[in-house]
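# Remarks on the overall topology
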Amino acid sequence: MSRHRPAQPLTLSELLRTDPLRAAEVAYVPDPLRVVERVVLAETVERVRRVTPHAVVLLHAEAATGGWSLAAALHLAWERNASAVVVPRQVAGASSAALAQRLQMALLLVDDDPVDLALGLAGHVTAPASARAARKARVAERLAEQATLRGVLGVLNDELAPVPVALVVGGTVTAGRTAAARDRDGTDRVTVPVDGADGRAWGQLVAAVPAGGSETAVQAAAVLRLARPSLLAAWAHSRLESGASAAHEQAAFALLRRQSGQPAERGEHAPREASDVEAPAWSTGLGWRVAGVNRAVWIAPGQPGDEVPDELTHLLRAAWQRGRPDWPLVVQGEGWTSWYSGREPADVTPLRRSLADFARTATAHRLVLGVGRAHEGVPGLMRSVAEARLAAQVAREEGPGAVRWFDGVGATAALAWLPVGDLAQVAELCLPELVAAHDREAVVGAVLAVLDCGGSLGRAAERLGVHRNTVLTRVGRGRALGLALDDADQRLALHVLCHALATRWGVATTGSAPPA
Amino acid sequence: MSGVDPDGSIRAEDVTALYEGAKFYSPAVGDASRTWLTSWVAELLDRNGPVALVRPEALPPSTTAISLCIIGSGFALADLPPAGDEFALAVERVARLQRTRFEAVYPLAAATVSSFAPVIAAAQLGVPLVDADGMGRTYALIHHTTMHLAGVAPTPLVAQGPTGESVLVDVLTAPRADRVLRANVDTLGGWAALAAYPTTVGTLRHAALTGTMSRLLEVGRVLLGGNDADLLEQRLGAVTGCRRIGRGRITGLEHLSRPTDVTIPTHPSSVVVDEVDGRRRQLRIELRSEVVAVLADGELVAAAPDVVNLVDVSRAELATLDSLEPGDLVDVLVSPAGDLWYSPEALAMVGPHSHGITLDHPGRR
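Given the structure is predicted, the values throughout are model-derived calculations rather than measurements.

What counts, and at which threshold
Residues numbered from 1 in each chain as written. Chains lettered and ligands numbered in written order. Predicted model: local features only at pLDDT ≥ 70, side-chain atom pairs only at ≥ 80, totals over all residues. Heavy atoms only, no water. pLDDT = per-residue confidence, 0-100. Contact = heavy atoms within 4.5 Å. Phe/Tyr/Trp six-rings, centres within 6.5 Å; stacked < 30°, edge-to-face > 60°. Helix = DSSP H or I, 4+ residues; strand = E, 2+ residues; numbered from the N terminus. Buried < 20%, exposed > 50% of the residue type's maximum accessible area, 1.4 Å probe, protein only. Lys NZ or Arg CZ within 6 Å of the ring centre and 35° of its normal. Buried area = accessible area lost by both parts, 1.4 Å probe. Salt bridge = Lys/Arg side-chain N within 4 Å of Asp/Glu carboxyl O. Polar contact = N/O pair within 3.5 Å; in protein donor to acceptor, adjacent residues only side chain to side chain. Lys, Arg positive; Asp, Glu negative; His and termini not counted. Expected span 1.5 Å × (residues − 1). Pairing = 2+ DSSP bridges. Axes fitted to C-alpha atoms, helices over the stretch in contact; angles between N-to-C directions.

### Quick word on the confidence of the model for chain B
All names here are of chain B. Put simply, chain B has an average pLDDT of 89, and 93% of its residues get 70 or more. Contacts of residues 257-265 to residues separated by more than four positions or lying in other chains number 33 contacts, the stretch itself having pLDDT below 50. Across the predicted assembly, pTM comes out at 0.63 and ipTM at 0.83.

### A word on the packing of aromatic side chains
All names here are of chain A. As enumerated under the stated definition, the model contains nine aromatic pairs over all chains in all. When the centroid spacing of 5.5 Å and the interplanar angle of 40° are considered together, the rings of phenylalanine 253 and tryptophan 339 count as tilted. One end of the pair, phenylalanine 253, is in helix α9 (residues 242-259); the other, tryptophan 339, is in strand β14 (residues 335-342), and 86 residues separate them in sequence. With respect to burial, phenylalanine 253 and tryptophan 339 carry one shared label: buried. The residue whose ring lies beneath arginine 352 is tryptophan 405, and the NZ or CZ to ring-centre distance is 4.5 Å. Its guanidinium or amino end placed over the ring of tryptophan 505, arginine 440 lies 4.1 Å from that ring's centre, counting from NZ or CZ.

### Overview of the environment of Leu431(A)
Residues and elements named next belong to chain A. On the secondary structure map, leucine 431 appears in the loop between α15 (420-430) and α16 (432-436). For the pair leucine 431 and leucine 497, spaced 66 residues apart in the sequence, the C-alpha separation amounts to 9.6 Å. Contact partners of leucine 431, with chain neighbours within four places excluded, come to Gly482, Leu483, Leu494 and Leu497.

### Re the interface of chain B and chain A
Counting from both sides, the interface comprises 21 residues of chain B and, opposite them, 17 residues of chain A. Overall, the association of chain B and chain A removes approximately 1,500 Å² of surface from exposure, summing both partners, and the carbon and sulfur fraction of that is 53%. Linking chain B to chain A there are one salt bridge. Summed over the shared surface of chain B and chain A, the result is nine residue pairs in polar contact (both at pLDDT 80 or more). At the level of secondary structure, the elements contributing two or more residues to the side of chain B that touches chain A comprise β13 (282-287) and β14 (291-296) of chain B.

### Some remarks on the side chain of His375(A)
Residues and elements named next belong to chain A. Among the secondary structure elements, histidine 375 is positioned in strand β15 (residues 367-376). Using a relative accessible area of 17% as the deciding quantity, one classes histidine 375 as buried. Residues in contact with histidine 375, not counting those within four places in the same chain, are Gly292, Val293, Asn294, Gly380, Arg383, Ser384 and Glu387.

### Topic: the side chain of Asp306(B)
Residue and element names in this part refer to chain B. Mapped onto the elements, aspartate 306 comes out in the loop between β15 (299-303) and β16 (307-312). Although buried, aspartate 306 forms no salt bridge, and the nearest oppositely charged side chain, arginine 243, lies 6.4 Å from it. Polar side-chain contacts of aspartate 306 include one of 3.1 Å to the side chain of histidine 361. Ignoring anything within four residues of it in the chain, the contact list for aspartate 306 reads Arg137, Val334, Ser335, Ala337, Tyr342 and His361.

### Digging into helix α9 (residues 212-224) of chain B
Residues and elements named next belong to chain B. A rise of 1.5 Å per residue sets the reference length of α9, with its 13 residues, at 18 Å; its end C-alpha atoms lie 18 Å apart and thus fit the reference within 8%. In terms of residue burial, α9 counts as a mostly covered element, since 10 of its 13 residues are buried. Thr212, Met213, Ser214, Arg215, Leu216, Leu217, Val219, Gly220, Val222 and Leu223 are the residues of α9 that are buried.

### Overview of the sheet that holds strand β5 (residues 55-59) of chain A
All names here are of chain A. Strand order in the open sheet formed by five strands is β2-β7-β6-β5-β4, and the pairing between neighbours is mixed. Looking along the sheet, the strands with just one partner apiece sit at the ends: β2 (25-28) and β4 (38-42). Across the sheet, the mean angle from the axis of one strand to that of its neighbour is 25°, orientation sign disregarded. As defined by bridge partners, β5 adjoins strand β6 (residues 84-88) across three bridges and the pair is classed as parallel. Counted as the bridge partner of leucine 58 is valine 86 from β6. Of the strands in this sheet, β2 and β7 (106-110) touch helix α4 (residues 94-103), which is tilted by about 60° from β2. Strands in contact with helix α5 (residues 114-126) are β4, β5, β6 and β7; relative to β4, the strand with the most contacts, it is inclined by about 165°.

Pasting the structure below:
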């Protein structure tokens, strides 16, 4: 026959979260984790002189007349190492709370009849296991009522206080109190893994319990486990309400941008360095992580000026977050921004994997992607977003599905900002014969390649994957159509016009098969 | 006792010191009656000559003596000052009843304005004032005396009111006297001159606390000469044996901190003082018509019958209980009462339990 381990006594914090003490006002509690082994109903101050350690003392009748009687009871409770003194609210004044603090004696104020209260408390204290079971049921009810991550973590922190609780995803605190994830002397960490809807590990709930308090750790772990379904539900809920959340996230990102010192979306050309800008607490409520090193991704339509329909946003969100549910996707004007936050700036493996997974979707919807560099904090995120956007503009040259990294873009980023449509109209006026020619794409492609290669026919032919004579013929044809390549005064202008026309017409500036 | 002069006397110039000393032994005394009372008594002593203050041992044991005090409300006394003959009349009415003549008077309580009553009577009747009293401080009820503890009856007693009316009280048991008397005081004018405990000086030698009037005068002189709180307390300690419990700032005045009963008048309240040095304890001073207990961090450190005073540190003078304000810096002093008051019977009568504080006197634990 197996012998059950006797249940550990309840703590003050557990009692304070359970009826009938749940309604008590805490005048002072120095150590919520003090155990309570018995309940004493003291009718006289003299009775307090006989209480045993770890008792909760309820004062009533003569002992609860306040003033001297409460002061004396607090002193005697302190002498006897009691866990707490409970008195009717009208009895205690500010000086009583001050004395409780001086003596480091917990003082609780109640409205209910102390005799009824003592009966209820005694029931809990003598049967801690059933009290804990009742509490778990109540916690489960509270958790089930929560529809947001913040709400779930709020309940956990409320129920387990003073133990801090946090949701950690990818090594970063996503919701809850950061103190939970911090290594501190005198605390042990309780960790409960949380899986995503696909069954893969998504994050973990972390609580920092006082070191050595095994029962506290056990209770904390039990409550954290209760929260897992609510967390998943909250996560799913946020996904279902994508329309509302998209607008919410858009506004939040705009606010984040403003707080980082950038007044408007267009202003991201020159992000200001403001490394002292802290991540606002509300950002974690959205599931965003911005406190570490951030690297942004910009997803843009293949052609400038295309609208961003809501339906496409929903589709992209589903595809983009399939593997990375914690990476946000925020609508930004004519594109979408996403980012991920980590501790190691050089680690781009997860991003490369996501980009590869997303490639088919990008091609199908004629999208291009730009990737910014990794920068620190909120201002760094804004800088990375600006870089990613530039890189995405450059990626348009390469057609749908293209991905460009800002590290590899360099000065060519400037070309991405040329007003291609306006320049094409200029070309129609300046070079009408060329624009009207049936072989205009081949001619412009060849002339652009030659100009790009510094006039070298051989390198241009190599780049285009055609014979040198073909290049020569096409360049000659260009001269005949009005491209005065030999005139130094016109060469830069012609180079820019050819770039604009090639972009406009979708002319390939490289060969179909890259040279070995 | 320090300052005792067997052949001493109380002169007009001693009246101010008498008033100050009376405050020490009853800190609830306000200054409402100060001006007219001291002026009147000083004038009386000037006119009738000094009152002889004589220790009981210096008088024949058979000398008849009766105690005097003022009973009732201090505010009523201020509103309706004495006609002047109340004290002598009260003595004479008891004398007439007992077919005797009182050859000496003594204070029922050498404290409060009551300490002036026997001085006035002695001056008017031309009899000596016995340097002894029944309380050595003040208590709320008239049977809270060492005479009562020694078996001396308070009755027959006479309360002579300021409107010329008087009440003669004779009861079977001493505690009834106060009950019967108080029911009549309002009708008499709110206060009355009380003559009680008719006895002999021989009895007083063992039934009263001796030297208490001369001590009162000495304390008054010390208080009048003080301009530094520390020095003042040092001198008071030499005269009264008082010691400082702590120095602190008043942080709160609380009322009705314990249930009232009908036997002892005035409402209970508390003064909370946070010590500014030392252990920085929280001192809770429980008040009734006097300071009845002092708790330091909830531990009872002084209680009736101890005499507890507050000294206003910045002014180096006694702080009366009706003048306390949050923020005041005060010293809490405790002086022992007469030894007779620490017997179990006496403590049962005037100790903390009698004020609803169900803690044992710190001297008994």
